[in-house]
Amino acid sequence: MIYFDSAATSFLKPPAVKQAVSEAFDTLGSPGRGGHPLSLAAGRSVFHCRTQLAELFGLDDPARVCFAYNATDALSTAIFGLFAPGDHVITTALEHNSVLRPLFLLQDQGLELTILPADEQGRICYDDFASALRENTRAVVCTHASNVTGNGLDLARIGAFCQQNGLLFVVDASQSAGVLPINMKEQNISVLCFTGHKGLFGPQGTGGLCVAEGVEIRPLKVGGSGIHSFDRHHPADYPERLEAGTMNATGIAGLSAGLDFIAQTGLDAIREREEALARRFYLGIRDLPGVIVYGDMDAPLRTAVVAMNLAGEDAGAVADALTEDYGICTRAGAHCAPLMHYALGTVEQGIVRFSFSYFNTEDEIDTAIGAIRALIGA
Amino acid sequence: MLRKKSPRVVVTFHTTTAAMKTEQAAREHDVSGRLIPVPREITAGCGLAWSAPTEAEEALRALLSDIGVTAQNFHHLTI
């Protein structure tokens, strides 16, 4: 089987991740619950992961790294915890439903929402941010990179706009964490929402929010915290403020091993390897008859995604043929990003998304190119 | 049979994360003490406390200041 669906989840992981999770089952209790050795070991392991994430994302205080279960969980926490009816928020057509649906729900309750459009190559116009400003604009909420096309947004530029206009800047780093450089201070990010199971190589059920100094998020969930048990209210201090209930300490141990791998290998080396694989695939298919590739493939900031279709063929049928006949896993359909598909004109057809991993090989890419050639009879 | 009691300085915290941060820094800077469940004589937000020999108090206060941890309280207990 050849796995080209890393934008969905990094099925291909460093072996140390699996080992760390396995070891965690034998060595970790419940973090922050009790003072016995197993509980303390879990607390240390979770805290270590907070320090790794703070380092990776340019955040000074690891106590402001709050764990969640995935990016959707983190984004809902940030969006519902920061905005209220009457606020105005700017977002983009590149967004995943993890951004759009919380905003749409708030919009139904009276939030004002501006969605910056994307062109037929999935690009926004940065001048549109200034045009969208209103007196009650509170924030920009946007992805770092489209999960459909792989095109990135310039966080430094948007962050500077937010800083100039006193806006919060909430970033969805689902597709970019572990691949594209992120620095919360330099890019003026207020809240960085990430998932652990994609580019950070962790297990599913890990993720979180990094919250800049001075940003106060109302908790979405309250309950067990391991601290302040006799208070009627959930603790106000980060990170416990946003971490109700026993966390996924075994998963976080795996995430920690994934972060070790990134630190040892180097973010740049990972990105360059993935880019080279994506480029090899793109160059191998782009001139074949009937092949349509979506997105701006010459943009400077990209993740390792190639979004394509074969003439008018249904994307699901193409993905199914790739799986059944060639053992190649891709993702067809709408990718939970409806506005992107409206922009690209692929609402009916869908798109076949190839997304590549540091652990894929050139031989696998060449096999996929051969499969596409065979499917179109070239 | 519990162990023999001795005078200790016991630091309580607002959060588990602050307790973890303190332990890591104490180990790195060779400040003595260890994390214990909060003794019943005191109440604290977090169930973990840092227990150290009383002579380590000064070094401990300096360490907490360096790493930006605000202790909930300092207690002097024989435990």
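Parameters at a glance
Residues numbered from 1 in each chain as written. Chains lettered and ligands numbered in written order. Predicted model: local features only at pLDDT ≥ 70, side-chain atom pairs only at ≥ 80, totals over all residues. Heavy atoms only, no water. Helix = DSSP H or I, 4+ residues; strand = E, 2+ residues; numbered from the N terminus. Rg over C-alpha atoms; globule rule 2.2 N^0.38 Å. Buried < 20%, exposed > 50% of the residue type's maximum accessible area, 1.4 Å probe, protein only. Contact = heavy atoms within 4.5 Å. Lys, Arg positive; Asp, Glu negative; His and termini not counted. Charge placed at Lys NZ, Arg CZ, Asp CG, Glu CD. Phe/Tyr/Trp six-rings, centres within 6.5 Å; stacked < 30°, edge-to-face > 60°. Buried area = accessible area lost by both parts, 1.4 Å probe. Salt bridge = Lys/Arg side-chain N within 4 Å of Asp/Glu carboxyl O. Polar contact = N/O pair within 3.5 Å; in protein donor to acceptor, adjacent residues only side chain to side chain. UniProt positions renumbered as here; feature names shortened; annotations may be inferred. Domains from an automatic or database assignment. Pairing = 2+ DSSP bridges. Axes fitted to C-alpha atoms, helices over the stretch in contact; angles between N-to-C directions. Parallel < 35°, antiparallel > 145°, perpendicular 65-115°, else oblique. Nonpolar A, V, L, I, M, F, W, Y, C, P; charged D, E, K, R; others polar. Expected span 1.5 Å × (residues − 1). Arc of directions from axis to C-beta.

Our focus in this paragraph is the overall build of chain A. Scanning chain A from N- to C-terminus turns up 11 helices and 13 strands. Here chain A has a C-alpha radius of gyration of 21 Å; the compact-globule value for 378 residues is 21 Å, and the two agree. Counting only C-alpha atoms, chain A reaches 70 × 55 × 30 Å along its principal axes. Every one of the 378 residues in chain A was classed for burial, and the buried ones make up 59%. Excluding contacts between residues fewer than 6 apart, the proportion of contacts in chain A whose partners are at least 24 apart in sequence is 70%. On chain A, the mean spot of the 26 positive side-chain charges and the mean spot of the 43 negative ones are 3 Å from each other.

Turning our attention to the packing of aromatic side chains. Residue and element names in this part refer to chain A. Under the defined criterion, the tally for this structure stands at 14 aromatic pairs over all chains. For the ring pair Phe129 and Phe161, a centre distance of 5.6 Å and an interplane angle of 45° mean the geometry is tilted. Here Phe129 is found in helix H5 (residues 127–132), whereas its partner Phe161 is found in helix H6 (residues 155–164), with 32 residues between them in sequence. As far as burial versus exposure is concerned, Phe129 and Phe161 are alike and both buried.

With that out of the way, let us pick up the interface of chain B and chain A. Residue-level contacts link 15 residues of chain B with 19 residues of chain A. Contact between chain B and chain A buries roughly 1400 Å² in total, counting both sides, with carbon and sulfur atoms accounting for 59%. Here chain B and chain A share 2 salt bridges between them. A salt bridge links Glu23(B) to Arg44(A); its shortest N-O distance comes to 2.5 Å. Linking chain B with chain A are 5 residue pairs in polar contact (both at pLDDT 80 or more). Those elements giving two or more residues to the side of chain B that touches chain A turn out to be helix H1 (16–28) and strand E2 (34–37) of chain B.

A cis amide bond links Tyr238(A) to the next residue, Pro239(A), at an omega of 0°. By the element assignment, Pro239(A) lies in the loop between strand E8 (207–211) and helix H7 (249–265). Located in the positive-phi region is Asp30(B), a residue other than glycine, with phi close to 60°. Note on placement: Asp30(B) falls in the loop between H1 and E2. Judged by relative accessible area, Asp30(B) falls into the exposed class, the value being 71%.

Before going further, it helps to examine the UniProt feature "domain: Aminotransferase class V" (unreviewed entry) in chain A. When the UniProt feature table is mapped onto this chain, "domain: Aminotransferase class V" (unreviewed entry) is found at residues 2–366 of chain A. End C-alpha to end C-alpha, residues 2–366 of chain A measures 11 Å, and it is 37% helix and 16% strand.

Moving on: the domain arrangement of chain A. Residue and element names in this part refer to chain A. Here chain A is partitioned into domain 1 (2–10 + 266–376) and domain 2 (15–265). On a C-alpha basis, the centroid separation for the pair domain 1 and domain 2 is 27 Å. Between domain 1 and domain 2, the residue contacts involve 33 residues of the former and 38 residues of the latter. For the domain 1 and domain 2 pair, buried surface summed over both sides reaches about 3000 Å², with 61% attributable to carbon and sulfur atoms. For the interface between domain 1 and domain 2, the tally reads 1 salt bridge. Among the ionic pairs, Arg123 bridges to Asp296, the shortest N-O distance being 3.5 Å. Summed over the shared surface of domain 1 and domain 2, the number is 17 residue pairs in polar contact (both at pLDDT 80 or more). Within the residue set of the side of domain 1 that touches domain 2, elements represented by two or more residues are helix H8 (267–285), strand E10 (305–310), helix H10 (338–344) and strand E13 (351–355). Take the side of domain 1 that touches domain 2: its biggest share by element is 6 residues, from H10.

All names here are of chain A. Taken together, 4 strands build an open sheet; the order of strands is E9-E10-E13-E12 and the sheet is antiparallel. Each edge of the open sheet carries a strand with a single partner, namely strand E9 (291–294) and strand E12 (331–333). Mean inter-strand twist for the sheet, computed between neighbouring axes without regard to direction, equals 30°. Direction of pairing for E12 relative to E13: antiparallel, over a ladder of 3 bridges.

Residue and element names in this part refer to chain A. Relative to each other, H7 and H8 sit at 90°, their axes nearing to 6 Å. Relative to H8, the element H7 is oriented roughly perpendicular. Contact with H7, carried on its side by Phe261, Ile262 and Thr265, involves Leu267, Ala269 and Ile270 of H8 and no other residues of that element. In terms of residue class, the contact of H7 with H8 is built from 5 nonpolar, 1 polar and no charged.

All names here are of chain A. Over its 12 residues, helix H9 (residues 315–326) extends 16 Å from the first C-alpha to the last, a length consistent with the 16 Å expected when each residue adds 1.5 Å. Burial in H9 covers these residues: Ala315, Val318, Ala319, Ala321 and Leu322. All buried residues of H9 project into a common sector of 155° when viewed along the axis, lining one side. Of the exposed residues in H9, those oriented more than 90 degrees away from the buried face are Glu324 and Asp325. Packing partners of the buried residues in H9 comprise E10, strand E11 (328–329), E12, E13 and helix H11 (362–376). Looking at the residues trailing H9, positive phi occurs at Gly327, about 65°.

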